[in-house]
Amino acid sequence: MKQEYSFHKAVFYTLISCLGFALMSFFIRQSGNLPVMQKAFFRNFVALIISAASLLSSRQSIRWKKGNGAGLLARCAFGTAGLLANFWAVDHMVLADANMLNKMSPFFAILMSIPVLKEYPSEKDVILTAIAFLGVVCIVRPSAGLASFPAFVGLFSGFSAGTAYTFLREITTNGEDGKVIVFCFSLFSCLCTLPSLLFDYRAMTGSQLLSLFLAGASAAAAQFAVTAAYRYAPAKDVSVFNYSQVLFAAVIGWLFLREVPDAMSFLGYAIIIGASFFKWMDAREENTQ
């Protein structure tokens with residue numbers, strides 16, 4: 001089944017997903033010192049309710065299309081592994097370092113798209129993505145703590161997320177519905193984290209519960225958006241725009257946490273925006289030829 005290609009729609013949904021994930025990270029941080037599995041369960045349980053309600057309202061059955069079963073399972077498994085690894089890394093190393101390692105996902109999405117989807121990036125795609133990542137490095141400035149086991153876990157979170165996006169692209173181009181994908185991923189993640197939650201549950205305050213609810217709602221919106229983005233364009237075309245999550249996170253940190261960026265951070269923002277702008281212009285030239 002041939003899908004519509006739309007670079008502009010893909011970029012729009014990518015930006016929406018990045019805003020959603022940035023808000024999710026903020027609300028997860030606001031939830032305080034809770035077990036990783038508990039945070040992950042409630043983050044996905046809210047998304048499960050929202051996606052289930054969306055399916056019921058459209059009177060749609062929870063069935064994936066023929067040939068998408070293996071890809072959908074891979075998307076759920078790698079997505080859940082990436083989520084848990086990222087949450088664990090955030091709890092065991094410098095927050096900025098953990099986020100930088102997770103932002104390796106666009107590189108891995110491009111690399112995994114080669115064997116899985118046979119989508120080969122151009123030299124320009126690789127260069128612009130690398131430049132954008134240098135912008136991230138300017139913002140977070142990794143410490144010596146990167147040479148550690150937690151750093152390996154953080155890098156694994158980036159690999160898992162990028163691989164999950166690759167399989168997401170595969171099943172969406174094969175016509176899989178976004179509501180089914182989000183529902184299956186949320187259900188899979190909840191089932192994986194439920195046993196640990198039952199044995200290691202920690203009582204929550206009202207504000208913590210509200211923070212996790214908002215994290216789940218933000219994550220659900222981000223999941224729907226990223227599913228739409230990869231339906232309209234491959235990873236090699238939109239990977240550079242994934243780094244806009246860093247920009248959204250910086251604005252949220254400034255507005256609500258009074259975290260004021262320094263000169264190096266502003267340099268990083270300029271690099272990311274510049275790389276995104278050149279990618280946008282390059283895509284416009286290709287579409288007019």
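Worth saying up front: this structure is predicted, and the values here are computed from it rather than measured.

(A) Seen up close, the pattern of salt bridges. In the structure shown here, the tally under the stated rule is 5 salt bridges. The partner of Arg-169 in a salt bridge is Glu-119, with the nearest N and O atoms 3.3 Å apart. With Arg-169 in helix 7 (residues 149-173) and Glu-119 in the loop between helix 5 (105-117) and helix 6 (123-140), the pair connects residues that are 50 residues apart, well separated along the chain. Overall, Arg-169 belongs to the buried group, its relative accessible area being 10%.

(B) Local environment of the packing of aromatic side chains. The final tally for this structure, using the stated rule, is 20 aromatic pairs. Aromatic side chains Phe-78 and Phe-167 sit 6.2 Å apart centroid to centroid with 10° between the ring planes, which places their arrangement in the stacked category. With Phe-78 in helix 3 (residues 69-92) and Phe-167 in helix 7, this pair connects stretches of sequence that are 89 residues apart. Lying across the ring of Phe-185, Arg-75 places its NZ or CZ 4.4 Å from the centre.

(C) The arrangement of the environment of Phe-248 in detail. Residue position: Phe-248 is located in helix 11 (residues 244-256). Looking at Phe-248, the relative accessible area reads 25%, which means it is partly exposed. On a C-alpha basis, the gap between Phe-248 and Phe-21 in space is 9.2 Å, while along the polypeptide they are 227 residues apart. The contact partners of Phe-248, leaving out residues within four places of it in the chain, are Leu-15, Cys-18, Leu-19 and Ala-22.

(D) Representation of the nonpolar core. Among the nonpolar cores identified, the biggest contains 38 residues, and Met-24 and Phe-87 are the most heavily contacted of them. Those elements that provide at least two residues to this core are helix 1 (7-30), helix 2 (36-57), helix 3, helix 7, helix 8 (178-199) and helix 9 (206-232). Sort the elements by how many residues they give to this core and helix 8 lands first, with 7 residues. Core analysis: the next-biggest nonpolar cluster, separate from the first, contains 20 residues, Leu-128, Ala-132, Ile-139 and Ala-275 among them.

(E) Examining the side chain of Asn-242 more closely. Relative to the assigned elements, Asn-242 resides in the loop between helix 10 (235-238) and helix 11. Residue Asn-242 is classed as buried on the basis of its relative accessible area of 8%. Asn-242 has contacts with Thr-14, Cys-18, Lys-103, Pro-106 and Tyr-230, leaving out every residue within four places of it along the chain.

(F) The arrangement of helix 8 in detail. Here helix 8 contains 22 residues, and its C-alpha end-to-end distance of 33 Å stays within 8% of the 32 Å for a straight helix at 1.5 Å per residue. The largest bend in helix 8 comes to about 40°, at Thr-193, with the proline Pro-195 one to four residues further on. Among the residues of helix 8, Gly-178, Val-180, Ile-181, Val-182, Phe-183, Cys-184, Phe-185, Ser-186, Ser-189, Cys-190, Thr-193 and Leu-197 are the ones counted as buried. In this structure, the buried side of helix 8 is in contact with helix 2, helix 3, helix 7 and helix 9. One side-chain oxygen at the N-terminal end of helix 8 lies 2.8 Å from the backbone nitrogen of Lys-179; it belongs to Asp-177.

(G) Inspection of the packing of helix 3 against helix 8 at higher detail. At a minimum axis separation of 9 Å, helix 3 and helix 8 run at an interaxial angle of 55°. Judged by the inter-axis angle, helix 3 sits oblique to helix 8. Note that helix 3 runs across helix 8; the crossing there is right-handed. Of the residues in helix 8, those in contact with Leu-72, Leu-73, Arg-75, Cys-76, Ala-77, Gly-79, Thr-80 and Leu-84 of helix 3 are Ile-181, Cys-184, Phe-185, Phe-188, Ser-189, Cys-192 and Thr-193. When the residues that make up the contact of helix 3 with helix 8 are grouped by side-chain class, the tally is 10 nonpolar, 4 polar and 1 charged.

Definitions and cut-offs
Residues numbered from 1 in each chain as written. Predicted model: local features only at pLDDT ≥ 70, side-chain atom pairs only at ≥ 80, totals over all residues. Heavy atoms only, no water. Salt bridge = Lys/Arg side-chain N within 4 Å of Asp/Glu carboxyl O. Helix = DSSP H or I, 4+ residues; strand = E, 2+ residues; numbered from the N terminus. Buried < 20%, exposed > 50% of the residue type's maximum accessible area, 1.4 Å probe, protein only. Phe/Tyr/Trp six-rings, centres within 6.5 Å; stacked < 30°, edge-to-face > 60°. Lys NZ or Arg CZ within 6 Å of the ring centre and 35° of its normal. Contact = heavy atoms within 4.5 Å. Core = buried A, V, L, I, M, F, W, Y, C linked by side-chain atoms within 4.5 Å. Expected span 1.5 Å × (residues − 1). Bend = angle between axes of the 7 residues up to and from the residue. Polar contact = N/O pair within 3.5 Å; in protein donor to acceptor, adjacent residues only side chain to side chain. Axes fitted to C-alpha atoms, helices over the stretch in contact; angles between N-to-C directions. Parallel < 35°, antiparallel > 145°, perpendicular 65-115°, else oblique. Left-handed = near helix turned anticlockwise from the far one by under 90°. Nonpolar A, V, L, I, M, F, W, Y, C, P; charged D, E, K, R; others polar.

In short, geometric facts, not functional conclusions.
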